[in-house]
Amino acid sequence: MTVHDRRAFIIGGTGQIGRATAARLVAAGYAVTLGHRRPLPAGDLPDGVASLQVDRNDTEALLGALDGHDLVVDTVAFTPYHGTQLARLAGRVGSLVVISTGAVYQAPGLPVPIPETWPTVEREAHDYPSGKAALERCLLATPGLPVSILRTGVLHGPHGRSLDHWSFIKRALDRRPYVVLAQDGLSRFPLSAVANVAEIVHLCALKPAARVLNVADDPLTVAEVAARVFAVMGHEAEIVTFTGPSRPDGLGFHPWNVPEPIVFSTDRARAELGYRPALSYDDALRQTIEWAVPAVERARARGGGWQDVFPDLVARHGPDVWFPYAAEDAYVAGA
């Protein structure tokens, strides 16, 4: 069988990972079907792919749709129940790739960098990290299932509901002369460009196996992230920092504000798969910005704003900490 004869099915295929992965697999010659729960608006289907509306909760219908595919990619598996569904694919599909998260790693006291062998959370809870960790354990314990589990950081790329880089993109659009960052601007939190997640999905499909892989960009500090965004957008701004956490009025706030550095090792993906980023960090930023800025402009034309494009940013951090320009002006003036 040549690659051009291979078929791939992406569960949750209309999200940002699904779209990026579909584009990568189509480029590699796969026939790709996107599975989705709700009807798609006209013209919302990526080029070169088919679609199928399927209810994730209808296990028999789901498995029937997946049977016989050379590759199944699940971007929306969150719980042990989803793991028991996917475990039934052993012997029925060529290989499986499941998107997980670095939030499964047991903290505090994380090493720098974190290898895939670091313990994951094991607690009786129904939160996101616990659900993902239990999902992973279910899949890895299934005999005969060549499943690659990808632990990502915070995603960035087109079509996302959350974009931490917006903290700096908007400042560049507003021509702000500076940004003020807490924690001396040294916070590090793993970021994952969806184009590079898609690249690893493709490499996993070429070498099916039961494995766990971290997927992350180079480990930049938040000050370095800000500088890269400003450089890509051709904006000059001073990066001002102070020691300690952000303040109640939002001064110093940034989405990477964590008490200890969180860095993923990507050595295993490089060693086992020969992984190299499909896009450099700067090129991934350009792709993200080229999608995000028009998306926000369209929202504004409808009477909305960036909060409508990135609702998960507000859900995670609240509405009141973003862009405290008056507090920044006062702080810099008094420095």
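Everything discussed here concerns the structure shown above.
What you are looking at is a predicted structure, and each value in this text was computed from that prediction instead of being measured. (Residues numbered from 1 in each chain as written. Predicted model: local features only at pLDDT ≥ 70, side-chain atom pairs only at ≥ 80, totals over all residues. Heavy atoms only, no water.)

S.K.: Tell me about the packing of aromatic side chains, and please be specific about residues and values.
M.R.: Within this structure, the stated rule accounts for twelve aromatic pairs. With a centroid separation of 5.7 Å and 50° between ring planes, the pair formed by F242 and Y331 is classed as tilted. Here the residue F242 occupies a position in the loop between β11 (238-241) and α8 (267-273), and Y331 occupies one in helix α12 (residues 325-334), the gap between them amounting to 89 residues. Relative accessible area serves as the criterion here: at 6%, F242 is assigned to the buried category. Three or more aromatic residues joined by ring pairs make a cluster, and in this case those are F253, W306, W322, F323 and Y325. Positioned over the ring face of Y325 is R176, at 4.2 Å from the centre of the ring. (Phe/Tyr/Trp six-rings, centres within 6.5 Å; stacked < 30°, edge-to-face > 60°. Helix = DSSP H or I, 4+ residues; strand = E, 2+ residues; numbered from the N terminus. Buried < 20%, exposed > 50% of the residue type's maximum accessible area, 1.4 Å probe, protein only. Lys NZ or Arg CZ within 6 Å of the ring centre and 35° of its normal.)

S.K.: Any chance you could break down the side chain of R176 for me, citing the residues and the numbers?
M.R.: Here R176 shows up in the loop between α5 (166-173) and β8 (178-181). Not counting residues up to four positions away in its chain, the partners in contact with R176 are R171, H235, E236, A237, Y325, E328 and D329. (Contact = heavy atoms within 4.5 Å.)

S.K.: Please give an account of the environment of T75 that cites residues and values.
M.R.: Looking at the secondary structure, you find T75 in the loop between β4 (71-74) and α3 (80-87). Discounting chain neighbours no more than four positions away, the residues touching T75 are I10, I11, G12, I17, G18 and I99. Among the polar contacts listed, one links the side chain of T75 to the backbone oxygen of I11, at a separation of 3.0 Å. Polar contacts involving the side chain of T75 include one to the main-chain carbonyl oxygen of G12, which spans 3.1 Å. (Polar contact = N/O pair within 3.5 Å; in protein donor to acceptor, adjacent residues only side chain to side chain.)

S.K.: Help me get a handle on unusual backbone geometry, residues and values and all.
M.R.: The peptide bond linking A107 to P108 adopts the cis configuration, its omega dihedral lying at 0°. Along the chain, the position of P108 falls in the loop between β5 (95-101) and α4 (128-140). Residue P113 is reached from V112 by a cis peptide bond, and omega for that bond is 0°. Positionally, P113 belongs in the loop between β5 and α4.

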